[in-house]
Amino acid sequence: MIDILYFAWVRERIGLPRERVQTDAATVADLVAELRGREERYALAFADTSALRVAVDQDLADFDAPLAGVREVAFFPPMTGG
Amino acid sequence: MIDILYFAWVRERIGLPRERVQTDAATVADLVAELRGREERYALAFADTSALRVAVDQDLADFDAPLAGVREVAFFPPMTGG
Amino acid sequence: MTVRVQTAAFDMGAELNAFSEGLEAGAVVSFTGLVRDAGRMVAMEIEHYPAMTERAITAIVQEATARWSLERALVIHRHGRLMVGEPIMMVATAARHRAGAFQAAEFLMDYLKSRAPFWKKEIGAEGEVWVEAKASDEDALTRW
Amino acid sequence: MTVRVQTAAFDMGAELNAFSEGLEAGAVVSFTGLVRDAGRMVAMEIEHYPAMTERAITAIVQEATARWSLERALVIHRHGRLMVGEPIMMVATAARHRAGAFQAAEFLMDYLKSRAPFWKKEIGAEGEVWVEAKASDEDALTRW
């Protein structure tokens, strides 16, 4: 089981801030492919991953990051702090 | 008549903060040569003009600046503000 | 090193004074970001990723502290609803000389802009819009 | 634009708050220089050239304001006798974006260091010594 978190417009498009999923995805990219296949709103949110950033267990990561042992994955647009 | 001002260690070496002099010096460099010839303390203060800065009528200037019409010349070491 | 992530407004002057109290360093630089009125904006809403935010900022501050031998560093960043003119965030750095204090503050700002998990939304009379990340902010990181 | 040359101490936090009051700009940078304890120093004495000081600083601030489209700029510089830990001077800049505010503040500092008519003397238990200008400060001007 992995907790998936969504922020900003990713959260708004998918319609929820977090969910817990059962997955055998080996990498973040595999997880994205799985989510895209679920429903139109996921397909829309993940249409262009170059517009997205990902954090794995609260550290910024790449989409090819492995998911073995991971508890939390977060998807969001490029950050706009400061 | 020109007012000559001295600051920081130039003032200390010469022993006064300002004086009024009658001079026919055409440039700052001519004035320096004239002052050097006066007394040992002036010769010491002006021994190395590369260690000095000059302002003419309260604007930073070069040693070859002309003195025609000038009312105030100031000599001091490189500034250390901030 | 102080890192605070909060919804409450803060008094930048009081923060600067508290930061500078008893310093041995000679140079203190501060940056404060204010909600700027970008047209018909009435407020700004800042979302963040609570579990990650302090951790990400702390890592950035530790890097700056080591790199520029800072005596102290401060980051305050707000989230939630902010009005036009209110302070959004503040960075302060204290170093022996001015070059280090300035560089560390700019480094912190560049990293906070693009690497700390905050997202800004402008709330206007006619709707809401997420602030888009600027390519120039991402580019700014390459200088460090 | 505010330029103040004074012997009195000042409250940097109160100055920063007053400076930022009602700004439209989004970015405020401040620099404060404090008397650093350089060994056995007990105080610092700052001499200046009254007729020239404000005029020289004003020219520098005008140049920075034009070059970085500053909404506001502030320079406070003290002279006379200062104790260790006291603020010597302060610069603040307000611009639309952070890059302009940072650059203008650094520019002002570089020019104040080498082009404003102040001379610092360190007063120690064993004597007094004029602070020597650093080649690095003169070099810093070449970047502008």
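Definitions and cut-offs
- Residues numbered from 1 in each chain as written.
- Chains lettered and ligands numbered in written order.
- Predicted model: local features only at pLDDT ≥ 70, side-chain atom pairs only at ≥ 80, totals over all residues.
- Heavy atoms only, no water.
- Helix = DSSP H or I, 4+ residues; strand = E, 2+ residues; numbered from the N terminus.
- Rg over C-alpha atoms; globule rule 2.2 N^0.38 Å.
- Buried < 20%, exposed > 50% of the residue type's maximum accessible area, 1.4 Å probe, protein only.
- Contact = heavy atoms within 4.5 Å.
- Areas by Shrake-Rupley, 256 points an atom, 1.4 Å probe, with all protein chains shown as cover.
- Lys, Arg positive; Asp, Glu negative; His and termini not counted.
- Charge placed at Lys NZ, Arg CZ, Asp CG, Glu CD.
- Axes fitted to C-alpha atoms, helices over the stretch in contact; angles between N-to-C directions.
- Parallel < 35°, antiparallel > 145°, perpendicular 65-115°, else oblique.
- Left-handed = near helix turned anticlockwise from the far one by under 90°.
- Nonpolar A, V, L, I, M, F, W, Y, C, P; charged D, E, K, R; others polar.
- Pairing = 2+ DSSP bridges.
- Least-squares fit on C-alpha atoms with pLDDT ≥ 70 in both.
- Core = buried A, V, L, I, M, F, W, Y, C linked by side-chain atoms within 4.5 Å.
- Salt bridge = Lys/Arg side-chain N within 4 Å of Asp/Glu carboxyl O.
- Polar contact = N/O pair within 3.5 Å; in protein donor to acceptor, adjacent residues only side chain to side chain.

Q: For the overall build of chain C, give the residues involved together with the corresponding values.
A: Counting secondary structure elements, chain C contains 4 helices and 8 strands. Going from the N terminus to the C terminus, chain C shows its helices and strands as β-α-β-β-α-β-β-β-α-β-β-α. For 144 residues, the compact-globule estimate of 2.2 N^0.38 gives 15 Å, and chain C sits close to it at 15 Å. By its C-alpha atoms, chain C is 50 × 35 × 30 Å across when sized along the principal axes. Per-residue burial over chain C gives 57% buried out of 144 residues. Of all intrachain contacts in chain C linking residues separated by at least 6 positions in sequence, the fraction that spans at least 24 positions is 77%. Here chain C has roughly 5,900 Å² of accessible surface; of this, 48% comes from carbon and sulfur atoms. Each charge class in chain C was averaged separately, 16 positive and 20 negative side chains, and the resulting centres sit 3 Å apart.

Q: Give me the lowdown on the packing of helix H2 (residues 50–67) of chain C against helix H3 (residues 98–115) of chain C, citing residues and values where you can.
A: All names here are of chain C. At a minimum axis separation of 10 Å, H2 and H3 run at an interaxial angle of 160 degrees. It follows from the interaxial angle that H2 and H3 lie roughly antiparallel. The hand of the H2/H3 crossing is right-handed. Across the interface between the two elements, Ala56, Ile57, Ile60, Val61, Glu63, Ala64 and Arg67 from H2 touch Phe107, Leu108, Tyr111, Leu112 and Arg115 from H3. Taken together, the residues of the contact of H2 with H3 sort by class into 9 nonpolar, no polar and 3 charged.

Q: Can you tell me about the sheet that holds strand E1 (residues 2–6) of chain B, naming the residues and giving the values?
A: Residues and elements named next belong to chain B. The 5 strands are arranged E2-E1-E5-E3-E4 in an open sheet whose pairing can be described as mixed. Of all strands in the sheet, those with a lone pairing partner are strand E2 (18–21) and strand E4 (59–61), marking the two edges. Across this sheet, the average inter-strand angle for adjacent strands is 30 degrees, counted without regard to direction. Judged from the 4 bridges that link them, E1 and strand E5 (residues 72–76) form a sheet pairing that is parallel. The residue bridging Ile4 from the neighbouring strand is Val73, located in E5. Contacting E1, E2, strand E3 (53–56) and E5, helix H2 (residues 28–36) crosses the sheet at an angle of about 70 degrees to E5.

Q: Go over the relation of the copies chain D and chain C, please, and point to the residues and values.
A: Of the transformation placing chain D onto chain C, the axial shift is 0.0 Å and the rotation is 180 degrees, giving an RMSD of 0.0 Å. Accordingly, the operation relating the two chain copies is best matched by a two-fold axis. Relative to the rotation axis, the C-alpha of D:Gly13 is the closest in chain D, positioned 1.8 Å from it. The residues that chain D uses at the interface reappear at the interface of chain C in 100% of cases, marking a shared surface.

Q: Quick one: what's the story with the nonpolar core, residue by residue and with numbers?
A: Counting residues in each nonpolar core, the largest one holds 67 residues, and the members touching the most others are C:Ile57, C:Val91 and D:Val91. Excluding residues that lie within four positions of it along the chain, C:Val91 makes contacts with C:Val29, C:Ser30, C:Phe31, C:Leu74, C:Val75, C:Ala105, C:Leu108, C:Met109 and C:Leu112. Membership of the second largest hydrophobic core comes to 36 residues, among which are A:Ala8, A:Ala45, A:Val54 and C:Trp130.

Q: Mind laying out the pattern of salt bridges, listing which residues take part and the relevant values?
A: Pairing between side chains becomes possible if they bear opposite charge and their charged atoms approach one another. Under the defined criterion, the tally for this structure stands at 31 salt bridges over all chains. We note a salt bridge from D:Glu47 to B:Arg11, for which the minimum N-O separation is 2.5 Å. Note that D:Glu47 is positioned in strand E3 (residues 41–48) and B:Arg11 in helix H1 (residues 8–14), a pairing that runs across two chains. B:Arg11 gets classed as partly exposed once you look at its relative accessible area, which sits at 24%.

Q: Tell me about the side chain of D:Glu47, residues and numbers included.
A: Relative accessible area serves as the criterion here: at 14%, D:Glu47 is assigned to the buried category. Here the side chain of D:Glu47 touches B:Ala8 through a polar contact of 2.9 Å, landing on its backbone nitrogen. Once residues lying within four places of it in the same chain are set aside, the contact partners of D:Glu47 are B:Tyr6, B:Phe7, B:Ala8, B:Arg11, D:Pro117, D:Phe118, D:Trp119 and D:Trp130.

Q: Run through the sheet that holds strand E4 (residues 72–78) of chain D, naming residues and quoting values.
A: Ordered in space as E1(C)-E4(C)-E6(C)-E2(C)-E2(D)-E6(D)-E4(D)-E1(D), the 8 strands form an open sheet in which the pairing is mixed. With one partner strand each, in any of the chains shown, strand E1 (2–6) of chain C together with strand E1 (2–6) of chain D form the two edges of the open sheet. Looking at each pair of strands side by side, their axes are set apart by 10 degrees on average, direction ignored. Judged from the 5 bridges that link them, E1(C) and strand E4 (residues 72–78) of chain C form a sheet pairing that is parallel. Within E4(C), the residue paired with C:Arg4 across the bridge is C:Ile76. Seen against the sheet, H3(C) touches strand E2 (27–34), E4 and strand E6 (87–95) of chain C together with strand E2 (27–34) of chain D and runs at an angle of roughly 145 degrees to E6(C).

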